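# Breakdown of the fold
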Amino acid sequence: MKTVELAKPILSRNDQIAAANAQALQSHGILGLNMMASPGAGKTRLILATALHPGLGLRSGVIEGDLATRIDADAIAAQRIPVTQINTDGGCHLEADMIANALSDLPLDEIDVLFVENVGNLVCPANFLLGTNANIVFGSAPEGHDKPYKYPGIYAVADAVVLTKADLIPHLEFDVDAFRSGVRLVNPGAPVFVLSSRTGEGMGAWIDWLRAQHAALDQASNAD
Amino acid sequence: MHEFSITQSIVDITLETARQHGDARVVEVQLVIGTLTGIVDDSLRFYFEALTQSTPAEGARVAIEREEAIATCARCGYSAAVEPPFDALCPQCLELTLKVEGGNALTVQRILLAEDSQLVSDPDSASSPAHHPV
């Protein structure tokens, strides 16, 4: 019997396409964000609140990912933000080739920050690189503070964690410290932003972080 | 769920390797898969079987080595493999100091090929005639 040693990453083809996507984003000076959360956590709402925030100072673009419908893309298009919708027809996560196709539908020269709203799912998206610069993982207050413990795979790959619907916390048995501890357990370095898209509380720190991430991109590309 | 997409990639890598060795029959595919990837062994094997019908990899064994997530305490050095749900409490020094790393591996480690199909370019059997399995 012949043994062929490979040690080859299973998703190497996806990762290659992701690297090409990253290159395309970098050449346009775009900060790409992979937004991952359960269905209903508030991804679309936060994208809108962020894109329309007077303090953002960056032009937004959106790639929407859902199994079906244009509901989210239509809501974003209604605010005159460049957006394209990917329908996976049953696929439970976005992959790099889908993003590569979607990028050609967007005016990349008119975008500074690209929000990629992944399919609502706390398991699968963690494994599939898209070519974005940062993974943003959401929890929402009504989901409970134990989600970082139950879904460590996705929280471990987060570059930042957002806790949405913070305005509901007084009505829930949600323990913010327990949530933060759960995130720290698998991801000591990720900042946690506690906010409400609806009331605007906590949005300032999130906007500041985004602006800093985009500025760091400019510095990195100028250094080349 | 997403075992299909991942298995498709495993099959692509496997068949490409078999192709590079004259479409040799695949005996075993050895994978390393982290416990935090959420991949279910049975689903993966189910899709592998379906996707390798009528290929050199039909009937191949799929061996899965699990890469564990390891919790470590920076305070007292305690270290152990852990499964979710995770607990930050270190059982040795009783502080909330555990940090978890690893468990995300997704690799085709090695492939075992049968040597009953020899090919002209195989350096070990330069004198054997080329054999092309049906």
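The structure under discussion appears in the preceding block.
Turning our eyes to something else, we now look at the layout of surface pockets. Residues and elements named next belong to chain A. Here the largest pocket is characterised by a volume of approximately 320 Å³. For the largest pocket, the lining is made up of 22 residues, of which Ala 126, Asn 127, Phe 128, Leu 129 and Val 157 are closest to its centre. Sorting the residues of the lining of the largest pocket by element identifies strand E2 (31-36) and strand E6 (134-140) as the ones contributing at least two each. For the lining of the largest pocket, the class distribution of residues is twelve nonpolar, eight polar and two charged.

So, on to helix H1 (residues 12-27) of chain A. Between its first and last C-alpha atoms H1 of chain A spans 22 Å; for 16 residues at 1.5 Å apiece the expected length is 22 Å, and the two agree. All buried positions along H1 of chain A are accounted for by Ser 12, Asn 14, Ala 18, Asn 21 and Leu 25 of chain A. Considered in projection along H1 of chain A, the buried side chains sweep an arc of 165° and stay on one side of the axis. For H1 of chain A, the exposed residues lying more than 90 degrees away from the buried face are Gln 16 and Ser 27 of chain A. Against the buried residues of H1 of chain A lie strand E1 (2-9), E2, helix H4 (96-103) and strand E5 (113-117) of chain A together with helix H1 (3-20) of chain B. Of the residues trailing H1 of chain A, Gly 29 of chain A is marked for its positive phi of about 65°.

The interface is formed by 27 residues belonging to chain A together with 33 residues belonging to chain B. Carbon and sulfur atoms make up 64% of the area that chain A and chain B hide from each other, which totals about 2,900 Å². When the buried surface of chain A facing chain B is broken down by residue, Lys 2, Ile 10 and Leu 185 of chain A rank first, second and third, together holding 27% of it. Between the two partners, chain A and chain B, sit two salt bridges. Put simply, chain A and chain B have 13 residue pairs in polar contact (both at pLDDT 80 or more) between them. Of all the elements in the fold, those that place two or more residues in the side of chain A that touches chain B are E1, H1, helix H6 (152-156) and helix H7 (176-186) of chain A. A per-element tally of the side of chain A that touches chain B places E1 of chain A first, with eight residues. Considered class by class, the residues forming the side of chain A that touches chain B number 16 nonpolar, five polar and six charged. Where E1 of chain A and strand E6 (residues 106-113) of chain B come together, six bridges link them in antiparallel fashion.

In this section: the pairing of strand E2 (residues 61-67) of chain B. Residues and elements named next belong to chain B. Direction of pairing for strand E1 (residues 26-34) relative to E2: parallel, over a ladder of seven bridges. If you follow Gly 34 over to E2, its bridge partner there is Glu 67. After leaving E1, the chain enters helix H2 (residues 41-51) and then returns to the sheet as E2, a path that is right-handed.

Our next topic: the sheet that holds strand E4 (residues 83-87) of chain A. Residue and element names in this part refer to chain A. As summarised here, the arrangement of the seven strands in space is E4-E3-E5-E2-E6-E7-E8, forming an open sheet in which the pairing is parallel. For this open sheet the edge positions go to E4 and strand E8 (192-194), each flanked by a neighbour on one side alone. Adjacent strand axes in the sheet meet at a mean angle of 20° when their direction is disregarded. Packed onto the sheet, helix H2 (residues 43-51) meets E2, strand E3 (60-66), E5, E6 and strand E7 (160-164) and runs at close to 170° relative to E5. Contacts from H4 reach E3, E4 and E5, with the element oriented near 145° to E4.

Quick look at the side chain of Asn 187 of chain A now. Residue and element names in this part refer to chain A. Within the element layout of this structure, Asn 187 appears in the loop between H7 and E8. On the accessibility criterion, Asn 187 (10% relative accessible area) is buried. The residues touching Asn 187, leaving out its near neighbours within four places in the chain, are Tyr 155, Ala 156, Val 157 and Ala 158.

Moving on, we come to unusual backbone geometry. Residues and elements named next belong to chain A. Within the chain, Ala 7 stands out as a residue other than glycine whose phi angle is a positive 50°. Structurally, Ala 7 is set in strand E1. Judged by relative accessible area, Ala 7 falls into the partly exposed class, the value being 46%. In this structure, Lys 165 takes a positive phi of about 60° despite not being glycine. Note on placement: Lys 165 falls in the loop between E7 and H7. Overall, Lys 165 belongs to the partly exposed group, its relative accessible area being 27%.

Conventions used here
Residues numbered from 1 in each chain as written. Chains lettered and ligands numbered in written order. Predicted model: local features only at pLDDT ≥ 70, side-chain atom pairs only at ≥ 80, totals over all residues. Heavy atoms only, no water. 1 Å grid on protein atoms, 1.4 Å probe; cavity = no way out; pocket = protein on both sides within 12 Å on 5 of 7 lines; lining within 4 Å. Points joined across faces, edges and corners; volume = space filled by probe spheres on them. Helix = DSSP H or I, 4+ residues; strand = E, 2+ residues; numbered from the N terminus. Nonpolar A, V, L, I, M, F, W, Y, C, P; charged D, E, K, R; others polar. Expected span 1.5 Å × (residues − 1). Buried < 20%, exposed > 50% of the residue type's maximum accessible area, 1.4 Å probe, protein only. Arc of directions from axis to C-beta. Contact = heavy atoms within 4.5 Å. Buried area = accessible area lost by both parts, 1.4 Å probe. Salt bridge = Lys/Arg side-chain N within 4 Å of Asp/Glu carboxyl O. Polar contact = N/O pair within 3.5 Å; in protein donor to acceptor, adjacent residues only side chain to side chain. Pairing = 2+ DSSP bridges. Right-handed = clockwise from strand over helix to strand, strands pointing away. Axes fitted to C-alpha atoms, helices over the stretch in contact; angles between N-to-C directions.

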